[in-house]
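Summary of structural features
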Amino acid sequence: MKHVTILGATGSIGLRTLELVSSFPDEFAVAGLAARGSNVDVLAELCRKHAPRAVALLDRDARDRLARLLPAPRPELLAGADGLVALAREVDADVVVSALVGGAGLLPTMAAIEAGRTMALANKETLVMAGSLMTAAARRCGVPLLPVDSEHSAVFQCLVGHNRGDVHRVLLTASGGPFREWPAEIFDGITVEDALKHPTWKMGAKITIDSATLMNKGLEIIEARWLFDLAPDQVQVIVHPQSIVHSMVEYVDGSVIAQLGVADMGIPILYALTYPERRPTPAVRLDLTRTGPLSFFAPDPVKFPCLRLARAALEHGGVAPVVLNAANEVTVAAFLDHRLRFVDIAELIERALDDVPPGPLASIDQCVAVDADTRRRVQGWVDARAGGSAK
Ligand code: NAD
Ligand code: MG
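About the cut-offs
Per chain, the residues get numbers from 1 upward, laid out in the order the sequence is written. Chain A is the first chain written and ligand 1 is the first ligand written, with later ones labelled in order. In view of the model being predicted, local features appear only for residues whose pLDDT reaches at least 70, and side-chain atom pairs are presented and counted only at 80 or more, with totals across whole chains, interfaces and linings using the full set of residues. Excluding hydrogens and water, the side-chain values take into account all heavy atoms of the structure. Here a strand is any run of E in DSSP of at least two residues, a helix any run of H or I of at least four, and the numbering for each starts at the N terminus. C-alpha atoms define the radius of gyration in this analysis, and the globule rule sets the expected value at 2.2 Å times the number of residues to the power 0.38. Three exposure classes are used, based on accessible area relative to the maximum for each residue type with a 1.4 Å probe and protein chains only: buried under 20%, partly exposed in between, and exposed over 50%. Note on contacts: a residue pair qualifies if any of its non-hydrogen atoms lie within 4.5 Å across the two residues. Note that His is not counted, nor are the chain ends; the positive residues are Lys and Arg, and the negative ones are Asp and Glu. All charge positions are set by atom: Lys at NZ, Arg at CZ, Asp at CG, Glu at CD. The donor definition counts N, O and S atoms within 2.8 Å of each metal and applies 3.2 Å to Na, K and Ca; water is not among these atoms, so some sites may look incomplete. One heavy atom within 4 Å of a molecule or strand makes the whole residue count as near it. Polar contacts here mean pairs of N or O atoms no more than 3.5 Å apart (in protein, one a potential hydrogen donor and the other a potential acceptor; neighbouring residues in sequence count only if both atoms are side-chain atoms). Using the Shrake-Rupley algorithm and a 1.4 Å probe, accessible areas are obtained, with residue cover drawn only from the displayed protein chains. Whether two strands pair depends on DSSP finding at least two bridges between them. Here an angle of 0 to 180 degrees is reported between the N-to-C directions of two axes, which are lines fitted to C-alpha atoms, with helices fitted over the stretch in contact. A side-chain nitrogen of Lys or Arg and a carboxyl oxygen of Asp or Glu constitute a salt bridge if their distance falls within 4 Å. Each angle gets one of four labels, with under 35 degrees taken as roughly parallel, over 145 as roughly antiparallel, 65 to 115 as roughly perpendicular, and the rest as oblique. Under the grouping applied here, Gly and all other residues not named as nonpolar or charged are polar, the nonpolar ones being Ala, Val, Leu, Ile, Met, Phe, Trp, Tyr, Cys and Pro and the charged ones Asp, Glu, Lys and Arg. A crossing counts as left-handed when the near helix is turned anticlockwise from the far one by less than a right angle, and as right-handed when that turn is clockwise. Only centres within 6.5 Å qualify two rings of Phe, Tyr or Trp (six-membered ring in Trp) as a pair; their planes then separate them into stacked at under 30 degrees, edge-to-face at over 60, and tilted for everything else. Only when the NZ atom of a Lys or the CZ atom of an Arg is both within 6 Å of the ring centre and within 35 degrees of the ring normal do we say a charge sits over the ring.

Across its full length, the chain holds 15 helices and eleven strands. Relative to the globule expectation of 21 Å for 391 residues, the C-alpha radius of gyration of the chain, 20 Å, shows essentially globular dimensions. Considering only C-alpha atoms, the chain reaches an extent of 60 × 55 × 40 Å along its principal axes. Every one of the 391 residues in the chain was classed for burial, and the buried ones make up 55%. Intrachain contacts of the chain at a sequence separation of at least 6 include 71% that bridge at least 24 residues. Side-chain charges in the chain split into 39 positive and 46 negative, and the spacing between the mean points of these groups amounts to 3 Å.

Taken together, Asp 149 (OD), Glu 151 (OE) and Glu 220 (OE) make up the protein donors of the magnesium ion (ligand 2), found 2.0 to 2.2 Å from the metal. Positions of the donor residues of the magnesium ion (ligand 2) along the chain correspond to the pattern D-x1-E-x68-E.

What follows concerns the site of ligand 1. Close to ligand 1 lie 23 residues; Thr 10, Ser 12, Ile 13, Glu 125 and Gly 204 are nearest. Taking Gly 8, its main chain carries an N or O atom lying 3.3 Å from an oxygen atom of ligand 1. In the environment of ligand 1, an oxygen atom lies 2.9 Å from a nitrogen or oxygen atom belonging to the backbone of Ile 13. Calculation on ligand 1 without its partners gives an accessible area of 820 Å², and the protein chains cover 89% of this total. Mapped by element, the contributors of at least two residues to the shell around ligand 1 are helix H1 (12-23) and helix H6 (124-141).

Pairing is parallel across the open sheet formed by seven strands, whose spatial order is S4-S3-S2-S1-S5-S6-S7. In this open sheet, the two edge strands, each paired with only one partner strand, are strand S4 (76-79) and strand S7 (145-147). Across this sheet, the average inter-strand angle for adjacent strands is 20°, counted without regard to direction. Pairing analysis gives four bridges linking strand S2 (residues 28-35) to strand S3 (residues 54-57), with the strands arranged parallel. If you follow Gly 32 over to S3, its bridge partner there is Ala 54. Contacts between H1 and the sheet are confined to strand S1 (2-7), S2 and strand S5 (95-98), with S2 contributing the most and set at about 165° to the helix. Contacts from helix H3 (residues 60-69) reach S3 and S4, with the element oriented near 160° to S4.

Of all nine residues in helix H5 (residues 106-114), seven are buried, a share of seventy percent or more. Burial in H5 covers these residues: Leu 106, Pro 108, Thr 109, Met 110, Ala 111, Ala 112 and Ile 113. Where H5 ends, the next residue or the one after it, Gly 116, has phi of about 80°, a positive value.

Once that is clear, we can look at the side chain of Lys 303. Within the secondary structure, Lys 303 sits in the loop between helix H11 (266-274) and helix H12 (305-316). One buried charge, Lys 303, has no salt-bridge partner; the nearest side chain with opposite charge is Asp 300, at 4.6 Å. Of note is the side chain of Lys 303, whose polar atom sits 2.7 Å from the backbone oxygen of Arg 180. Of the polar contacts made by the side chain of Lys 303, one reaches the backbone oxygen of Trp 182; its length is 2.6 Å. Ignoring sequence-local partners within four residues, the contact set of Lys 303 consists of Phe 179, Arg 180, Glu 181, Trp 182, Pro 183, Ala 184 and Phe 187.

Put simply, H5 and H6 touch, their axes get as near as 9 Å, and they point 10° apart. The orientation of H5 relative to H6 falls into the category roughly parallel. Across from Leu 106, Thr 109, Met 110, Ile 113 and Glu 114 in H5, the residues of H6 making contact are Thr 126, Met 129, Ala 130, Leu 133, Met 134, Ala 137, Ala 138, Arg 140 and Cys 141. Tallied by class, the residues present in the contact of H5 with H6 amount to ten nonpolar, two polar and two charged.

On to the packing of helix H13 (residues 320-336) against helix H14 (residues 342-353). Two numbers describe how H13 lies on H14: the axes approach to 9 Å, and their chain directions differ by 150°. Overall, the two elements H13 and H14 adopt an arrangement that is roughly antiparallel. Viewed along their axes, H13 and H14 form a crossing whose handedness is right-handed. The segment H13 lies against H14, with Ala 320, Val 323, Leu 324, Ala 327, Asn 328, Thr 331, Val 332 and Phe 335 engaging Phe 342, Ile 345, Leu 348, Ile 349, Ala 352 and Leu 353.

So, about the packing of aromatic side chains. Counted by the stated rule, this structure contains ten aromatic pairs. For the ring pair Phe 335 and Phe 342, a centre distance of 5.6 Å and an interplane angle of 70° mean the geometry is edge-to-face. This pair shows no difference in class: Phe 335 is buried, exactly as Phe 342 is. An aromatic cluster is present here, built from Phe 179, Trp 182, Phe 187, Phe 304, Phe 335 and Phe 342 joined pairwise through their rings. One Lys or Arg, Arg 225, reaches over the ring of Trp 226 and ends 3.8 Å from the middle of that ring. Over the aromatic face of Trp 381 sits the side chain of Arg 351, whose NZ or CZ is 4.2 Å from the ring centroid.

Structural data, given as C-alpha cells:
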C-alpha cells in the first residue's frame, strides 16, 4: 500500500489524483491533504471519502469551519503556510503529489523533499523559481522528482533505457492555446472568457491563462532544464495543436522518440504514482485512425513574447526566473480579475525582468525575498494601470 499526500487536493490535478487513488483501493491510501481552503464543503467530502491522517489549509477560518463539519475522530487539522509545511514534512507518506498552484508550493515542496519523500511534481512554478536548489536538495536527500506535467512525463518516458549523454535535444509540444490562429492585431481585445477556452486540456484558471500566453511552455522549458539536467538550448518548443504527441527526445544519431496518448492528465499522474510500473487505466485509448492529421509548427515569437521572456530568464539565471514567475503570477491574477489586458501580461513581465541583478540564486530565503519584492513592485504597476481600484 502506497500512502499518498496531495498538496493542492481540491485543484484540477489534486482531484484527478484522488479519483485514481479511489480506482486502486488496494494500492493507494491518502496520507495528507492540503489546499487553500476556499471550498470547505468539498474538503469535508474528501475527508469522509479518503480518511486522511491530516489536512492542512492555508486559510485558518476554513480550518475551523472544516473542524465543525467533521465529527471526531477527525484528521489532524493544520492551518496557515506553516501548517502546509508541517504536513509535507511530518505526515508519513510514500509519495507526495505537489499540485499547489504557483510559488505557494515552494516551501511545502522543499519540506517534503528534505523529509526524503518521493515527489510527483505538477507544481512547475516551484522548479522555475528554485530549480538549482530543489534538484540539489533532491540529490542530497536521495529523492526522485517524478514529473506529472504531461510533456515532462513524456520526456521522462522517452529517456528510459537510453544514455543521457546521447540526448541531442528535447522537443516540448505545445497546443498553441486558443489564440494560435488569431491575428496579432486583435490581441488587444482578448477577454478573460476567450483566454479560458483552452482547446485541448481542462485545467485550473492560472495554467489555462499561461497556456494562452504560452508562458506555460516558457515555464516548461525551465522545468525541463532542471528535471533532465539539460542546457537551455537543448530544450525546444514545437506547436502541435492536437495534443496527441506529448513531447519527444531527439538523440545524437538523429533518432526521435515520442510519447503519444489522449489528452488525459490521469495517464501521467498514474505513471508518477506507480513508476517504474504501469497500471491499466479506464482512460480512453488513443485511436490514430480517428485523430485526423497530426500537425507541427514553430511558435510565433511576435504574438507570444512570453516564450522569449522565459528563455531570457533561464539564460540570465540566478533570480531572473523567480522574477519571471512572480511577475507572471501577479499579472495573470490581475488579468483574471479584469484589471489588466491580456497584452499587458508580457509587457509588465518584461519590465520586471529589465533590471535583474546578476549572480547565482543563493538560498530559498533569497528566493522568497525576491518573490515578495517582485510581487509588490508588479502589483504597484498593475494598480497604477487599473486606476488603483478593482473592477
Ligand atoms: P488549480 O487551480 O485547479 O488547483 C490549485 C490547488 O492549489 C487547489 O487545491 C488550491 O486550493 C490550492 N492553492 C492555490 N493557492 C494556494 C495557496 N496560496 N496556498 C495553498 N494552497 C493553494 O490548479 P491545477 O490546474 O490543478 O494546477 C496545479 C499545478 O499543476 C500548477 O502548478 C500547474 O501548472 C500544474 N499542472 C497542471 C495541469 C493540469 O492539467 N491542471 C497540467 C500540468 C501541470
Ligand atoms: Mg504541460
